[in-house]
Amino acid sequence: MARYFENCAGELASDALSGFARAHADLVGYDAADGFVTALHTAPARTVGLLSGGGAGHEPLHAGYVGAGMLDAACPGRIFASPHNRQIFRASLAVARPEGVLHVVKNYTGDRINFGIAAERLADAGVACGRVLVDDDLASDSEEIAAGRRGTGATLLVEKVLGGAADRGMGLGGLVDLGTSVAARCRTLAVASAAHHAPADGEPAFALPPGELEYGVGIHGERADRTRSWQPLGALVEDMVGALLDALRPGPEEPVVALVNGLGAVTSLELYGIFGELDRVLEARRVRLVRHLVGNYVTALDMRGFSLTLMVADRVVLDFYDAPVRTPALSW
């Protein structure tokens with residue numbers, strides 16, 4: 001059992017968002033009534049506002065990526081729960097530009113429903129709204145799963161590329177096409193040796209037998225379709241990277257961007273070891289790694305696991321990815 005440091009049950013997410021806004025008051029504004037944050041500094045060339053959101057518990061996603069070069073607004077919901085369509089609607093109105101607003105949505109039923117309702121309300125208000133759906137999770141790529149692949153680590157990469165493109169003045173239709181293309185070039189696979197603990201009761205979301213690994217876990221604690229025996233890190237990463245490359249099939253001249261992402265309770269010591277193995281595997285397979293991120297970017301509370309994301313990039317995508325960014329969680 002694990003206890004979270006909080007004032008009372010049910011207020012952890014809202015208290016955290018308030019504290020986040022205080023900590024980064026130089027970068028974000030905070031609407032306490034409707035529960036969203038907005039960027040204080042954005043490129044004047046933008047003609048479209050960028051907005052994303054989803055359940056709390058994945059910090060720094062999404063609020064951590066609000067700022068110059070990325071999102072104009074983020075709407076966190078309760079822990080592992082979609083934001084309300086009212087939050088999304090009000091935040092969209094706050095950041096809409098002359099060509100409207102673009103929603104970056106992870107592929108979960110609640111998110112799709114609430115962002116969809118907000119888009120209908122925006123249309124009634126005369127505000128153009130587009131959507132990019134992120135569905136990168138390789139473990140849920142099955143015809144038996146009606147909802148399709150889940151949206152996970154690639155959300156960060158999609159938001160970064162779209163932010164760079166929006167700063168150059170790209171219009172709504174162009175951003176939708178670009179984001180859809182980038183999302184299709186991304187795949188993610190996650191593993192965990194222990195589940196996250198639910199803040200409500202401190203109990204783990206699932207239990208694993210000693211020496212077992214959940215292979216293909218989701219960021220809300222969704223069980224994989226199989227567990228596997230523990231194995232040395234090099235062999236594990238080789239299997240994971242091989243599965244991602246089999247799904248993406250980059251061409252001989254197509255480089256990749258990699259995200260080595262901790263799910264909440266894995267140490268930096270381990271994450272850099274994981275990156276070293278990933279780099280070794282890509283080099284052995286003659287896949288050119290041109291950019292990488294290593295750290296906790298899309299977490300699952302205190303889950304003891306990590307995810308690997310690969311994005312196949314071309315020169316245009318890399319140019320947008322490399323564009324300047326200054327947010328609480330990402331800056332260059």
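Let me begin by describing the structure that accompanies this report. (Residues numbered from 1 in each chain as written. Predicted model: local features only at pLDDT ≥ 70, side-chain atom pairs only at ≥ 80, totals over all residues. Heavy atoms only, no water.)

What follows concerns helix 3 (residues 109-124). Taking 1.5 Å of rise per residue, the 16 residues of helix 3 would be expected to cover 22 Å, and the 23 Å separating its terminal C-alpha atoms lies within 8% of that figure. Those residues of helix 3 lying buried are D111, N114, F115, A118 and L122. Along helix 3, the residues classed as buried sweep out an arc of 95° about the axis, all on the same side. Those residues of helix 3 that are exposed and aimed more than 90 degrees away from the buried face are T109, E120, A123 and D124. Buried residues along helix 3 sit in contact with strand 3 (49-56), helix 2 (85-95), strand 5 (101-106) and strand 6 (129-134). G126 occupies a position one or two residues after helix 3 and carries a positive phi of about 80°. (Helix = DSSP H or I, 4+ residues; strand = E, 2+ residues; numbered from the N terminus. Expected span 1.5 Å × (residues − 1). Buried < 20%, exposed > 50% of the residue type's maximum accessible area, 1.4 Å probe, protein only. Arc of directions from axis to C-beta. Contact = heavy atoms within 4.5 Å.)

Attention shifts here to the environment of G179. Positionally, G179 belongs in helix 5 (residues 172-184). Residue classification places G179 among the buried residues on the basis of a relative accessible area of 0%. For the pair G179 and V134, spaced 45 residues apart in the sequence, the C-alpha separation amounts to 8.5 Å. The contact partners of G179, leaving out residues within four places of it in the chain, are V132, V158 and L162.

What follows deals with the sheet that holds strand 9 (residues 227-229). Taken in spatial order, the 6 strands make up an open sheet running 9-8-7-12-10-11, and their pairing is mixed. Among the strands making up the open sheet, the edge pair consists of strand 9 and strand 11 (289-295). Taking the axes of each pair of neighbouring strands and ignoring which way they run, one obtains an average angle of 20° across the sheet. When strand 7 (residues 186-194) meets strand 8 (residues 212-215), the two strands line up antiparallel, connected through 2 bridges. Counted as the bridge partner of V191 is Y215 from strand 8. Sheet strands touched by helix 4 (residues 154-167): strand 7, strand 10 (256-262), strand 11 and strand 12 (304-312). Its angle to strand 12, the strand with the most contacts, is close to 40°. Against the sheet, helix 8 (residues 315-322) touches strand 10, strand 11 and strand 12, its axis set at about 40° to strand 11. (Pairing = 2+ DSSP bridges. Axes fitted to C-alpha atoms, helices over the stretch in contact; angles between N-to-C directions.)

All right, on to the pairing of strand 3 then. In terms of residue burial, strand 3 counts as a mostly covered element, since 8 of its 8 residues are buried. The sheet contact formed by strand 3 and strand 4 (residues 73-79) spans 5 bridges and is parallel. Bridge pairing links A56 to I79 in strand 4.

What follows concerns helix 7 (residues 268-284). The first and last C-alpha atoms of helix 7 sit 24 Å apart over 17 residues, in line with the 24 Å expected at 1.5 Å per residue. Within helix 7, burial applies to L271, I274, F275, L278, V281 and L282. Across the axial projection of helix 7, the buried residues extend over an arc of 125°, all falling on one side. Of the residues in helix 7, the exposed ones pointing more than 90 degrees away from the buried face are L269, Y272, E283 and A284.

Ranked by internal contacts, the top residues of the largest apolar core, which has 57 residues, are L162 and M311. Counting residues per element, this core draws most heavily on helix 4, which supplies 8 residues. Each of two domains, domain 1 (12-185) and domain 2 (186-312), supplies a minimum of three residues to this core. Filtering out sequence-adjacent residues up to four positions away, M311 remains in contact with L157, V161, V182, R185, C186, P255, V256, V257, V317 and Y321. (Core = buried A, V, L, I, M, F, W, Y, C linked by side-chain atoms within 4.5 Å. Domains from an automatic or database assignment.)

Another aspect to go through is the packing of aromatic side chains. How two aromatic rings sit relative to each other is given by the distance of their centres and the angle of their planes. Under the counting rule described, the total for this entry stands at 1 aromatic pair. With a centroid separation of 5.3 Å and 45° between ring planes, the pair formed by Y321 and W332 is classed as tilted. Residue Y321 is found in helix 8, and its partner W332 is found in the segment after helix 8; the two are separated by 11 residues along the sequence. Owing to a relative accessible area of 3%, Y321 belongs among the buried residues under this scheme. The aromatic ring of F89 is capped on one face by R121, whose charged end is 4.2 Å from the ring centroid. Directly above the ring of Y215 sits R228, whose terminal nitrogen or CZ lies 4.5 Å from the centroid. (Phe/Tyr/Trp six-rings, centres within 6.5 Å; stacked < 30°, edge-to-face > 60°. Lys NZ or Arg CZ within 6 Å of the ring centre and 35° of its normal.)

Attention shifts here to the sheet that holds strand 4. The strand order across the open sheet built from 6 strands is 1-2-4-3-5-6, with neighbouring strands paired in mixed fashion. Only two strands of the sheet have a single neighbouring strand rather than two, namely strand 1 (28-31) and strand 6. Between one strand axis and the next, the sheet turns by 25° as a mean value, whatever way the strands run. Together, strand 3, strand 5 and strand 6 form the strand contacts of helix 3, whose direction differs from that of strand 5 by roughly 165°. Its contacts with the sheet put helix 4 on strand 3, strand 5 and strand 6, and the angle it makes with strand 5 is roughly 165°.

Here the focus is the pattern of salt bridges. Tallied over the full model, the rule gives 17 salt bridges. A salt bridge links R150 to D137; the shortest N-O distance between them is 2.8 Å. A residue pair is termed long-range when its members are at least 10 positions apart, and R150 in the loop between strand 6 and helix 4 and D137 in the loop between strand 6 and helix 4 qualify at 13 residues. The residues R150 and D137 share a single accessibility class, namely buried. With its nearest N and O atoms 3.5 Å apart, the salt bridge here joins R149 to D141. (Salt bridge = Lys/Arg side-chain N within 4 Å of Asp/Glu carboxyl O.)

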